[in-house]
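Breakdown of the fold
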Amino acid sequence: MSNEPFIEDLRKRKAIAAGSQKDIDTQHKKKRLTAQERIDLLFDPGTFNELDTLVMPRYEEYMGGKSSRYGDGVITGFGLVNGRYVFVAAQDATVMGGSLGEMHAKKIVKVMRMALQYGCPFIAINDSGGARIQEGVDSLGGYASIFDANCEASGVIPQLSLILGPCAGGAVYSPGLTDFIFMTENSYMFITGPEVVKAVMQEEVSFEDLGGGSTHSSESGVSHFLSKDDKECLMKTRELLSYLPSNNQDDPPYVKPTDDPERRCPELDEIVPVDPMKPYDVRKVITSILDDGQFLEIHQLWAQNLVVGYGRLNGYVVGILANQPMVLAGTLDIKASIKATHFIRICDAYNIPLITLQDVPGFLPGKDQEWGAIIRNGARLIYAYSEATIPKMMIILRKSYGGAYCVMSSKGLRGDLLYAWPNAEIAVMGAEGAVNILFRNDVAKAEDPAARRKELVDDYQRKFNNPYVAASRGLIDNVIEPKDTRRILIKSLEVTLSKREKHVPKKHGISPM
Ligand code: HXC
């Protein structure tokens, strides 16, 4: 007897795992791809291996037969991305709106646990109406086990969330627990939808305003990457994965370099104005230093007074954290502190050396900042720098004032190799501010107060606002010429790659929250 009928039966069953053609057309009309199309773009061609295709929901009787679809509205499995294995769960909006029922959740938790066990990144593609209403508490219980798996995998394997449609209600908390969230302009995330806001607050608000991709990428910072459509988002996901190790025991992927490690960067003299009041775009410094000028920026639209992202130096992945003098003069505020903290913790978890490019006049002053808890949020940044055992390099490009000097990669926080350019100003504050406080009476009593102030400012500038006091105490490891920054960073990186540092044993610290 041939096994042909069995194979035929299997094929028939698998054929009803996705939504109907009408549902697929509706999804396309919304300018969104189906779960299968997304998977095809995410993985290296032909490498995806699906699991649990034949899982069925237990609540069929409630759906009047509409749910008789295998797979229960989510495609799970594993495949290669840039040649390395990655697990995925892609919600299928063509089956019951991608809503999350009991078996749907079990499928997701199963692949998350496999990813954790085998040390592979996990990607969740979200496109769902949230908890499947018909399955009540079984859906809610399903969310709780996903959250739990997210927490357990945190810091062990990279977890990425792609929001490519609705992500409503409690569903937002799984992405919220993952390392990176990607959104498209055509997606939204919210705890309470517009109709609830209207009922409770009596305010009209649109999906986009409340939690569209743009809003979460520029206002709340919940989203780390914004793309115009699904395809761009999936390509960006592949790009981010090219900088991350598969798990916390691995090193990030090394790429044979094409750029010269001895390359001088004379353009740096032009990019950073010596005048400390003049703004410039620190991204130009970053791309000048990194291999082939390649830089993947994270949180590009949020807390723009700080720039963070990944690149390579002589083929090794590095994390770059830089003050951005073009926005708020590069001051540190609450949002920048949160952005920096998140970035440092991810670099530390995944063995990515950190390079800080410092040009900071201090913390942003004001009531908003004090009331918003800049004290606690600034403290988080200190905690993250101190706790990080990865190599920590720093270049002081220009200003390094006050509290910001202490909290950003300083020797006191066990920064490894720290350098300053010759025009750097490392001091408690700028000369004007210092003279106003120290010599208020002296200036007031002078015959010509303006001339006396200038004299005192110049004197302070000469004595303190330079890198040489810090260099004389060993608080920086050298003063270097800007053009040598790349080659010196590469040598410093290479020597610190074998760094080993351990924490004092404890259950866990209590990072300021
Ligand atoms: C069951 C659902 C569903 C859900 C959508 N569908 N959401 N089925 N449970 N939660 C079904 C619809 O009935 C419809 O079926 C199909 O999916 C497509 O949905 P549409 O509404 O036609 O799509 P669209 O117009 O794009 O609107 C998408 C949407 C809307 C905005 C997400 O569906 C919606 O508001 N859904 C409910 C969202 C919600 O309140 N979820 C519960 C949140 S509370 P047919 O058969 O008509 O094609 C929650 C608690 C979790 O999640 C707590 C964890 C801690």
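Above this text sits the structure in question.
Note that the structure is predicted; figures quoted are calculated from it, not measured.

Reading the values: rules and limits
Residues numbered from 1 in each chain as written. Predicted model: local features only at pLDDT ≥ 70, side-chain atom pairs only at ≥ 80, totals over all residues. Heavy atoms only, no water. Phe/Tyr/Trp six-rings, centres within 6.5 Å; stacked < 30°, edge-to-face > 60°. Helix = DSSP H or I, 4+ residues; strand = E, 2+ residues; numbered from the N terminus. Buried < 20%, exposed > 50% of the residue type's maximum accessible area, 1.4 Å probe, protein only. Core = buried A, V, L, I, M, F, W, Y, C linked by side-chain atoms within 4.5 Å. Contact = heavy atoms within 4.5 Å. Pairing = 2+ DSSP bridges. Right-handed = clockwise from strand over helix to strand, strands pointing away. Lys, Arg positive; Asp, Glu negative; His and termini not counted. Salt bridge = Lys/Arg side-chain N within 4 Å of Asp/Glu carboxyl O. Polar contact = N/O pair within 3.5 Å; in protein donor to acceptor, adjacent residues only side chain to side chain. Patch = residues over 30% accessible without salt bridge, like charges linked within 9 Å, V, L, I, M, F, W, Y side chains within 5 Å. Areas by Shrake-Rupley, 256 points an atom, 1.4 Å probe, with all protein chains shown as cover. Axes fitted to C-alpha atoms, helices over the stretch in contact; angles between N-to-C directions. Parallel < 35°, antiparallel > 145°, perpendicular 65-115°, else oblique. Left-handed = near helix turned anticlockwise from the far one by under 90°. Nonpolar A, V, L, I, M, F, W, Y, C, P; charged D, E, K, R; others polar.

1. Thoughts on the packing of aromatic side chains
Here the structure, examined in full by the defined rule, presents 14 aromatic pairs. Taking the centre distance of 4.3 Å and the plane angle of 10° together, the rings of Tyr 188 and Phe 207 count as stacked. On the criterion of sequence distance, the pair formed by Tyr 188 in strand β7 (residues 188-190) and Phe 207 in helix α8 (residues 207-211) is long-range, its members being 19 residues apart. In this structure Tyr 188 comes out as buried when scored by relative accessible area, which is 16%. For Phe 207, a relative accessible area of 31% gives the class partly exposed. Three or more aromatic residues joined by ring pairs form one cluster here, namely Phe 78, Tyr 85, Phe 87 and Tyr 118.

2. Comments concerning the nonpolar core
If you look at the biggest cluster of nonpolar residues, it comprises 50 residues, and the most contacted ones within it are Phe 180, Tyr 310 and Leu 321. It is helix α13 (residues 334-349) that provides the largest number of residues to this core, a total of six residues. Those residues in contact with Phe 180 that lie beyond four places of it in its chain are Gln 159, Leu 160, Ser 161, His 224, Phe 225, Leu 240, Leu 244, Ile 298, Tyr 310, His 342 and Ile 346. By size, the runner-up hydrophobic cluster in this structure holds 28 residues, among which are Ile 289, Leu 313, Ile 490 and Leu 493.

3. Let's talk about the pairing of strand β3 (residues 84-91)
Taking burial as the measure, the eight residues of β3 include six buried ones, the bulk of the element. The antiparallel pairing of strand β2 (residues 74-81) with β3 creates a hairpin that spans two residues between the two strands, and Asn 82 there sits at a positive phi of about 50°. Taken together, the four bridges between β3 and strand β4 (residues 122-128) define a ladder with parallel strand orientation. Bridge pairing links Phe 87 to Phe 122 in β4. Chirality of the crossover, the property in question, places the unit of β3, helix α4 (residues 102-118) and β4 among those that are right-handed.

4. Description of the side chain of Arg 312
Tracing the backbone through its elements, the reader meets Arg 312 in strand β10 (residues 306-313). Although Arg 312 is buried, it forms no salt bridge, and the closest oppositely charged side chain is Asp 291 at an N-O distance of 6.4 Å. Within polar-contact distance, the side chain of Arg 312 engages the backbone oxygen of Ser 242 at 2.9 Å.

5. Overview of unusual backbone geometry
Positioned with a positive phi, Lys 31 is a non-glycine residue whose angle comes to about 60°. Structurally, Lys 31 can be placed in the loop between α2 (21-29) and α3 (35-42). If you check the backbone angles, Ala 373 has positive phi at about 75° while not being a glycine. Summarising the element assignment, Ala 373 is placed in the loop between α14 (367-371) and α15 (374-387). Residue classification places Ala 373 among the buried positions, given a relative accessible area of 15%.

6. Examining a nonpolar patch on the surface
Together, Val 196, Val 200 and Met 201 give the surface a local cluster of nonpolar side chains, amounting to about 290 Å² of exposed area. Mapped onto the elements of the fold, Val 200 is located in helix α7 (residues 194-201). Judged by its relative accessible area of 62%, Val 200 falls in the exposed class.

7. Points about the environment of Gln 36
Within the fold, Gln 36 resides in helix α3. Note on Gln 36: relative accessible area 33%, which makes it partly exposed. Residues contacting Gln 36, with those up to four places away along its chain left out, are Glu 50 and Ile 75.

8. Let's talk about the pattern of salt bridges
Tallied over the full model, the rule gives 36 salt bridges. In this structure, a network of salt bridges that share partners links the residues Glu 262, Arg 264, Asp 484, Arg 487 and Lys 491.

9. Topic: the packing of helix α17 (residues 431-438) against helix α19 (residues 449-464)
Packing of α17 against α19 brings their axes to within 9 Å, and their N-to-C directions diverge by 120°. By the angle class used here, α17 and α19 are oblique. Regarding α17 and α19, the two cross each other, and that crossing is right-handed. Between α17 and α19, the contacting residues are Ala 431, Glu 432, Ala 434, Val 435 and Asn 436 on the first element and Arg 453, Leu 456, Val 457, Tyr 460 and Gln 461 on the second. Of the residues that constitute the contact of α17 with α19, the class distribution is six nonpolar, two polar and two charged.

10. Concerning the environment of Gln 159
Looking at the element boundaries, Gln 159 is found in strand β5 (residues 159-168). We classify Gln 159 as buried; its relative accessible area is 1%. Distance from Gln 159 to Ser 187, taken between C-alpha atoms, is 19 Å for residues 28 residues apart in sequence. Engagement of the side chain of Gln 159 in a polar contact is seen with the side chain of Asn 150, the distance being 2.9 Å.

11. Describing the pairing of β2
Burial within β2 is extensive, with seven of its eight residues counted as buried. Bridge count for strand β1 (residues 49-51) against β2 is three bridges, and the pairing is antiparallel. Residue pairing in the sheet places Glu 50 in a bridge with Gly 77 of β2.

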